[in-house]
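Inside the fold
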Amino acid sequence: MTLVAVASAAYLLLFRPVAQPRTNDLAQVFNHGSIGNEETQGLPYWIWRVLPQLFPEHLPANKDGYSAFGLFWARGEPVPVGLSMSTLGVIPRVAPNCAFCHQGSYRLSAYDPPTLVTAGAGGRVNPQAYIRFLIAAGADPRFTADAIMPEITAIYDMPLWERALYRFLLIPATRAALKEQGRTFTWMQSRPDWGPGRIDPFNPVKFQNLRLPDDGTIGNSDMMPLWSLGALEATNERRFSLHWDGLQTDLRETVLSGAIGDGMTYKSFPRTEQTLGRMSDFIRLQPPPPSPFSSARPIGDPYRVDPAAIDAGRAIYQAECATCHEPGGARYRTPISIVEVGTDRHRLDMWTPAARQRYAEYESDYKWGFVNFHKTEGYVATGLRGLWLRGPYLHNGSVPTLKALLDPPAQRPRQFYRGYDLIDPANGGFVSAAGTDGERYGSLYGTAQPGNGNTGHLWGTDLPARAKEDLLAYLKTL
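Read on for a plain summary of the structure. Since the model is a prediction, treat every value here as computed from it, not as a measurement. (Residues numbered from 1 in each chain as written. Predicted model: local features only at pLDDT ≥ 70, side-chain atom pairs only at ≥ 80, totals over all residues. Heavy atoms only, no water.)

Turning next to unusual backbone geometry. Cis geometry marks the peptide bond from G391 to P392, where omega comes out at -10 degrees. Counting through the fold element by element, P392 comes out in the loop between β10 (378–380) and α16 (402–405). With a phi close to 70 degrees, H243 is a non-glycine residue in the positive phi region. Its place among the elements puts H243 in the loop between β8 (221–222) and α9 (251–261). Looking at H243, the relative accessible area reads 21%, which means it is partly exposed. With phi around 55 degrees, R333 is a residue other than glycine that occupies positive phi space. Within the secondary structure layout, R333 lies in the loop between α12 (322–325) and β9 (335–337). (Helix = DSSP H or I, 4+ residues; strand = E, 2+ residues; numbered from the N terminus. Buried < 20%, exposed > 50% of the residue type's maximum accessible area, 1.4 Å probe, protein only.)

If you roll a probe as big as a water molecule over the atoms, it shows you where there is empty space left. For the coordinates displayed, the defined rule picks out two cavities of 30 Å³ or more. Every residue lining the largest cavity is counted, 20 residues in all, and those nearest its centre are G123, G391, P392, Y420 and F430. Listed by contribution, the elements that provide at least two residues to the lining of the largest cavity are β5 (103–106) and β11 (415–418). At three residues, the largest contribution of residues to the lining of the largest cavity is made by β11. (1 Å grid on protein atoms, 1.4 Å probe; cavity = no way out; pocket = protein on both sides within 12 Å on 5 of 7 lines; lining within 4 Å. Points joined across faces, edges and corners; volume = space filled by probe spheres on them.)

For the pair α9 and helix α10 (residues 269–285), interaxial distance at closest approach is 10 Å and the crossing angle is 125 degrees. Comparing the axis directions of α9 and α10 gives the class oblique. Two packed elements cross with a definite hand, and for α9 against α10 that hand is right-handed. Between α9 and α10, the contacting residues are L251, R252, V255, L256 and A259 on the first element and F269, E273, L276, S280, I283 and R284 on the second. Among the residues forming the contact of α9 with α10, the class breakdown is seven nonpolar, one polar and three charged. (Axes fitted to C-alpha atoms, helices over the stretch in contact; angles between N-to-C directions. Parallel < 35°, antiparallel > 145°, perpendicular 65-115°, else oblique. Left-handed = near helix turned anticlockwise from the far one by under 90°. Contact = heavy atoms within 4.5 Å. Nonpolar A, V, L, I, M, F, W, Y, C, P; charged D, E, K, R; others polar.)

For the rest of this paragraph, the subject is the environment of L463. Looking at the element boundaries, L463 is found in the loop between β12 (443–446) and α18 (465–476). Residue L463 is classed as buried on the basis of its relative accessible area of 15%. Separated by 56 residues in the primary sequence, L463 and D407 place their C-alpha atoms 9.3 Å from one another. Setting aside residues no more than four positions away along its own chain, L463 makes contact with I316, E320, K468 and L471.

Below, the discussion takes up the layout of surface pockets. Quantified by volume, the second largest pocket comes out at close to 840 Å³. Together, 36 residues line the second largest pocket, and N126, P196, R418, G442 and S443 are the ones closest to its centre. Where the lining of the second largest pocket is concerned, the elements lending two or more residues are α5 (127–139), β11, α17 (437–441) and β12. When residues of the lining of the second largest pocket are assigned to their parent elements, the largest contribution, four residues, is made by β12.

Attention now moves to helix α6 (residues 145–153). Within the span of α6, buried status applies to A145, I148, M149 and I152. For α6, the buried positions fall inside an angular range of 100 degrees around the axis, keeping them on one side. Where the residues of α6 are buried, they touch α4 (45–54) and α7 (160–184). (Arc of directions from axis to C-beta.)

Under the counting rule described, the total for this entry stands at 22 salt bridges. Ionic pairing is found between R271 and E39, a salt bridge with its closest N-O pair at 3.1 Å. In this pair, R271 is assigned in helix α10 and E39 in helix α3 (residues 38–41), connecting sequence segments 232 residues apart. Taking the relative accessible area as the measure of exposure, R271 reaches 34% and is therefore partly exposed. (Salt bridge = Lys/Arg side-chain N within 4 Å of Asp/Glu carboxyl O.)

Let us look at the sheet that holds strand β2 (residues 43–44). Strand order in the open sheet formed by four strands is β1-β3-β4-β2, with antiparallel pairing between adjacent strands. The two strands at the open ends of the sheet, each matched to only one other strand, are β1 (17–18) and β2. Pairing geometry for β1 and strand β3 (residues 83–88), over two bridges, is antiparallel. When the sheet's bridge partners are listed, P17 is paired in β3 with L88. (Pairing = 2+ DSSP bridges.)

A separate point is the environment of M223. Within the fold, M223 resides in the loop between β8 and α9. For the pair formed by M223 and T186, sequence separation is 37 residues and the distance between their alpha carbons is 22 Å. For M223, the contacting residues outside a window of four places in its chain are C101, A121, G122, V125, P127, G197, R198 and I199.

Let us look at the nonpolar core. By size, the foremost hydrophobic cluster in this structure holds 68 residues, and its most contacted members are F30, L276, I283, Y317 and Y359. Those elements that provide at least two residues to this core are α2 (26–32), α9, α10, α11 (307–320), α15 (353–360), α16 and α18. Beyond its immediate chain neighbours, meaning those up to four positions away, F30 contacts N97, C98, A99, H102, T118, A119, L226, M279, F282 and I283. Counting 46 residues, the second-largest nonpolar core is a separate cluster that includes V50, L54, L59 and I135. (Core = buried A, V, L, I, M, F, W, Y, C linked by side-chain atoms within 4.5 Å.)

Our focus in this paragraph is the packing of aromatic side chains. Under the criterion given, the structure shown has 31 aromatic pairs. Between F416 and Y445 the ring centres are 5.0 Å apart and the planes differ by 25 degrees, which places this aromatic pair in the stacked class. Of this pair, F416 sits in strand β11 while Y445 is found in strand β12, placing the two residues 29 residues apart along the sequence. Y445 shares its class with F416; the two are buried. Put simply, the rings of Y45, W46, W48, Y66, F69, W73, F100, Y130, F133 and Y156 pair up and form one aromatic cluster. (Phe/Tyr/Trp six-rings, centres within 6.5 Å; stacked < 30°, edge-to-face > 60°.)

And the structure:
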C-alpha cells in the first residue's frame, strides 16, 4: 500500500497532464499548443527560464537570451513562439512544438520592428544552436541546485515545497536528461552545421525513433512554410507531395509523424489529438502575407515595381514556370528527378528506403495508420505564393536572392550571410551580402560545404537580361 501511495503521489505531483487553457485563436494554438512531448522533451519552466542567465557563454556568439535562437517572443507571453507551456502534475514544462521551425519574421526598413509570420519559413530560427545550448548547459559542472536556485528565486517567489522539489529532484533529473540528449545527438559532430533557417529534419528520427544506424548522410535543408495546405488534400485525380522530396502525400500523416519526431508518444497522443487537429486546420487555411511589392506604391518607393514589367514577367512566368509551380500545372507538387533539377542531392539521399519502410511500420503494436510514406528520386516543385518571404532559395537555401536564382550557378554567390530579416527590395529575398547588416547580424553560409551546393535549377537562367528583370519584378509580387 505504501508503494501505491508513493506512486500515486508522484503521478499527481509530476506526471498527471493538465489541459492547456482553451482558446479559439488557432494562431495561438499553432504557436504555443502542446504536441504531447512534455514527458520526453519538456524542461521544468523555471529551470528553462534561467539557463541563459546562468550560461551565457554557451549561447551563439554576441547573442542574448533566447532571442539568440531567432525565436519571436511576443510581449507578455511566458515563452517564445514555437514553445509550448504545459503542466504535468504541478510543474509547468516547456517543450518545442511545430512553430519552433515554422515561424518567420520580416522588416521592410531597418528601423521597423520585426513582424511575425505565423507558419512561415523559419529563416532566422536556429534549432541546432538551441539543442547545443541545452546540451552544453547540462554538461556544465555549474548545473547544480546551488547555482540554479538563487537565479530562480530572484525572479519567482517559489514556495518552500516547490523549492525542495526543484532542488532535490527536478534539477538533478534535468541535468541527467540533458546529458543523455548530448549522447543522443553525438552524430551531429560529424556533419556541417545546420545554421539559421535550416534543420536536418529526419536524421534525428532515423537514429532515435527508427533505431537505424548512422549512415553518414546529411539532410540539412530549409524549413518550409506551412501556408494554405488545405489546397493539397488528395483528390480523385491526384495526390500532392509534401516535404522537399515528397516523402509524404498525406497532411494528417505528415502532422502526426512530425509530432512523433519531436517526442510525442502513443501514450500522449489521445490527449494531444484534438490540438494537432486544430493546428492542421490552421495550416490548411492560413495564407502567406501579401507581398509589399506593388505597382501602386509611389515612384521612388523601394518596393514599387513597374506595372509593365509585372505584366511582361507574368507572361514569362506562365511560359517558363507555371507547369511546375502553379496549382493547375501538370508537375505542380510532384518530385522532379534529381537528374533534371540538378540541385544538391544530400537531402534527397538522407531519406532512405529503409527509413521509409521503418516509419511505415512504426510501433507495429500501435496502429498509427501510416500508408503514405514514399522514397522518391527528386525534389518537389512547390507553389510560389509568399515567395518574397522565402529567401534564401532552393531546398537547402543555397541561393540568397531571386535575382541570383536567375543567374547561372557559376555566377551565384559562393558565400553570403543568412538569418537576417530585412527584406532586400532590389534583389528579392533578405539582405545577405558581405559588408551589409546581413553580415553583421547573420551567419556565414558557404556553398562548398557538403549539402550546401548551389548548382541546378537552370530554368530562367538563359533568359535575356531584360526578360530576367521582368520575371524578377513579377516574382517579387507573389
